[in-house]
Amino acid sequence: MKKLAKTINVTLKVWRQPGPEAKGYFETIVAKNISVHMSFIEMLDTVNEQLTLDGKDPIAFDNDCREGICGTCGAVVDGRAHGPQKATTLCQLHMRQFSDGDTIVVEPFRARAFKVVKDLVVDRSAFDKIIQAGGYISVNTGGAPDGNAIPIPQDIADKAMDAAACIGCGACVAACPSASAMLFVSGKISQLALLPQGKPEAARRALSMVKVMDTGGFGNCSNHRECENACPKELSIVNIARLNREFFKAGFLSNEI
Ligand code: SF4
Ligand code: FES
């Protein structure tokens, strides 16, 4: 049986961009003696330690939980948002996915709506604006016992939970050739529209979230399904079909458009 190497050396071609208006470029950095048990983010930490010791500017990147739940991390690794492992965020991607001597290209999420702030950090506040437009319920739903008193068919509860798995990372936008935010928005609209507590505001929510999405610099869904493929939480594009239904239904029922 082939023994797994404990450490590897890799060459990073990493995007460096000092600021939003600065010209970006790829810098080649050799990362030596990287434990294969490190996450990709921990590998970047190690590289940054060396850059700092050498008096150089460390690579800027976003992260927080490092457990695949907050949606803060993200970069395009070898052309794939969050890297080569399916259903895995960058912070949960381990260096055992790479081989000794590999060259790894690391870039920020690229989309008109996600402006580069520095290096691998992008501004995803366009997502926040979409959520602020209606990604919540404002009715008083009471406490947990009140929620449990409403019987919800298991298949509906499961669909709502699947949609609610979205962590707002933005990989779907980065992967889409049109930089569409439809998978993200459809997840948020689905999780609320499927449950009784979300239904009273469903029409207003669909109209206002889509309106803000349309003005946020995102493109239209082009049915490539790259979003679904890149999503670390495996959201299905079935949610996009539900978003379209909710939007058209809202258009018929509402006098807000
Ligand atoms: S739909 Fe998936 S890829 Fe898009 S923001 Fe949510 S978790 Fe990230
Ligand atoms: S750092 Fe939270 S999902 Fe990666």
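Look up a bit, the structure's there.
Along every chain, residues carry numbers that run from 1 in the direction the sequence is written. The lettering of chains begins at A and the numbering of ligands begins at 1, in the order of writing. Under the rules for a predicted model, residues below a pLDDT of 70 receive no local features and side-chain atom pairs below 80 are neither given nor counted, while totals for whole chains, interfaces and linings still include all residues. By convention in this description, side-chain values take in all heavy atoms of the structure and omit both hydrogens and water.

What follows concerns unusual backbone geometry. Unlike most non-glycine residues, aspartate 119 shows phi in positive territory, near 45 degrees. Numbering of helices and strands starts at the N terminus; helices are DSSP runs of H or I of at least 4 residues and strands are runs of E of at least 2. For aspartate 119, the location among the structural elements is in the loop between strand S6 (116-118) and strand S7 (121-122). Remark: exposure states derive from per-residue accessible area (1.4 Å probe, protein chains only) relative to the maximum for the residue type, with buried under 20%, exposed over 50%, and partly exposed in between. Residue classification places aspartate 119 among the buried positions, given a relative accessible area of 2%.

What follows concerns the site of ligand 1. Throughout, the term near means that a residue has one or more heavy atoms lying within 4 Å of the molecule or strand in question. Among the 13 residues in the neighbourhood of ligand 1, the closest are listed as Cys166, Cys169, Gly170, Cys172 and Cys231. Where the shell around ligand 1 is concerned, the elements lending two or more residues are helix H5 (171-175) and helix H6 (182-193). Ten residue types, Ala, Val, Leu, Ile, Met, Phe, Trp, Tyr, Cys and Pro, are classed as nonpolar, four, Asp, Glu, Lys and Arg, as charged, and the remainder, Gly among them, as polar. In the shell around ligand 1, the residues fall into 11 nonpolar, 2 polar and no charged.

A few words now on the pattern of salt bridges. Each reported salt bridge corresponds to a side-chain nitrogen of Lys or Arg within 4 Å of a carboxyl oxygen of Asp or Glu. For the structure on display, the rule yields 9 salt bridges. A salt bridge links glutamate 21 to lysine 115; the shortest N-O distance between them is 3.1 Å. Highlighted residues: glutamate 21 in the loop between strand S1 (7-16) and strand S2 (25-35) and lysine 115 in the loop between strand S5 (103-107) and S6, separated in sequence by 94 residues. On the basis of relative accessible area, lysine 115 is assigned to the partly exposed category, the value being 46%. With a closest N to O distance of 3.1 Å, lysine 118 and aspartate 57 form a salt bridge. With lysine 118 in strand S6 and aspartate 57 in the loop between helix H1 (40-53) and strand S3 (76-77), the pair connects residues that are 61 residues apart, well separated along the chain.

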